[in-house]
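# Observations on the model geometry
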Amino acid sequence: MSSVIAQTRFSVLDRSRTREGHGAPQALRDTVELARRIEGLGYHRFWVSEHHSVPGVAGSAPTVLAAAVAAATSTIRVGTGGVMLPNHRPLVVAEQFGVLESLFPGRIDMGLGRSVGFTDGIRRALGHDKEAAGDFASQLTELLGYFTGDQSAHPQVHAHPAEGLLPPAFVLATGAGAQVAAEAGLPLVIAAARGEEEMLRAIDGYREAFRPSAWGERPYVMVSGSVTVAETTEEAERLLVPEAWASAYSRTRGAFPPLAPVDEILALPMNDREWELFEEARRGHLHGTGDEVADGLEKVLGRSGADEYLVANSTYERDALLGSYRRLAALVGLPRTDA
């Protein structure tokens, strides 16, 4: 194992993906169970996500789900990846995390994003529009002020029990959001959604613009992406199939479906457009045998200088998903407690 991998923390983000034959309630229970297993494998954090009106994703209330995960575990850090701040009032978000931090002191992470609903209908149901994301910086300032007690947006308003607590806050970003993280003095969580080169430029800009704050004395970068490890390259590629097909399906039909079994997908008669999107969705993922993944990790960690890697995997077979996380934990030398 290289020194760059040994010096990096590894954590997990689970989106509570639904599966054919297993509805949303089961997906949420699967997430809680996976968190228990991930804790035993020695990962640093376990985060959950926020999606609204997406049939293939059950995680719509991340702070509620984080409470269930924290209650089912004992040592791993638990958080959100993330709460989409434009969808909520900062006061309510502060109160929710204040409750979490009070119930599970020293274990709660407050991951915050600036995305809004996927469609106009969802945004209207949430009471916002596309422009709401443009207020993210001011919403973030207000939110953090409720914890430090110096927010000025609403004089004499206090968030209890949040005031006086400082659960670590993180900004999930792609491009412009990295500057918001830097100016607020917060850790950055970033993925190569627009390509690795653009991600690296955003990281460089974040480090250059970072301002120390009560929330962080130095820049902290968490790179996020899928990392799939299997006994063979072919087996690792099979694990990518369910999510790749869901992506292709959504881009041709406008609906994000539950994950389907691999053999069922590979037997489908795809048209040219579907096959093109399916193949595109399978590219760009870090996957393969232990040696292949180690080589890929060394490259991305070396280029980005990331402090942490947030692994976000999904596939139909839960045992195969856990097996991949188990192989990755062994590969990077995590201190297992479930042996």
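The rules behind the values
Residues numbered from 1 in each chain as written. Predicted model: local features only at pLDDT ≥ 70, side-chain atom pairs only at ≥ 80, totals over all residues. Heavy atoms only, no water. Helix = DSSP H or I, 4+ residues; strand = E, 2+ residues; numbered from the N terminus. Expected span 1.5 Å × (residues − 1). Buried < 20%, exposed > 50% of the residue type's maximum accessible area, 1.4 Å probe, protein only. Contact = heavy atoms within 4.5 Å. Salt bridge = Lys/Arg side-chain N within 4 Å of Asp/Glu carboxyl O. Polar contact = N/O pair within 3.5 Å; in protein donor to acceptor, adjacent residues only side chain to side chain. Core = buried A, V, L, I, M, F, W, Y, C linked by side-chain atoms within 4.5 Å.

## Brief notes about unusual backbone geometry
In the segment running from G81 into G82, the intervening peptide bond is cis, with an omega of 0°. Within the secondary structure, G82 sits in the loop between β3 (77-80) and β4 (83-84). Cis geometry is adopted by the peptide bond preceding P161, which originates at H160 and carries an omega value of 10°. In this fold, P161 is placed in the loop between α6 (136-148) and β6 (169-173). Here the phi dihedral of S53 falls at roughly 60°; this positive angle occurs in a residue that is not glycine. Secondary-structure assignment places S53 in the loop between β2 (45-48) and α3 (62-72).

## Concerning helix α8 (residues 196-209)
Between its terminal C-alpha atoms α8 stretches 20 Å, which fits the 20 Å expected from 14 residues at 1.5 Å a residue. For α8, the set of buried residues is M199, L200, A202, I203, G205 and Y206. At its buried positions, α8 is contacted by α7 (176-184), β7 (188-191), β8 (221-225) and α12 (290-304).

## Considering the pattern of salt bridges
Per the counting criterion, the structure on display carries 19 salt bridges. A salt bridge links R273 to E276; its shortest N-O distance comes to 3.6 Å. Of this pair, R273 and E276 both sit in helix α11 (residues 272-282), separated by 3 residues, roughly a single helical turn. A salt bridge links R282 to E279, with the nearest nitrogen and oxygen atoms 2.3 Å apart.

## A word on the side chain of S226
As for its placement among the helices and strands, S226 is situated in the loop between β8 and β9 (227-229). The class for S226 is buried, based on a relative accessible area of 14%. A polar contact of 2.6 Å, which involves the side chain of S226, links it to the side chain of H285. Excluding residues within four positions of it along the chain, S226 makes contact with H285, L286, Y309, A312 and N313.

## Side note on the nonpolar core
F10, Y43, L297 and Y309 are the most contacted members of the largest nonpolar core, which totals 72 residues. Setting aside chain neighbours within four positions, we find Y43 in contact with F10, S11, V12, I38, I76, Y325, L328, A329 and L334. Among the nonpolar cores identified, the runner-up in size contains 11 residues, and A244, W245, L277 and F278 belong to it.

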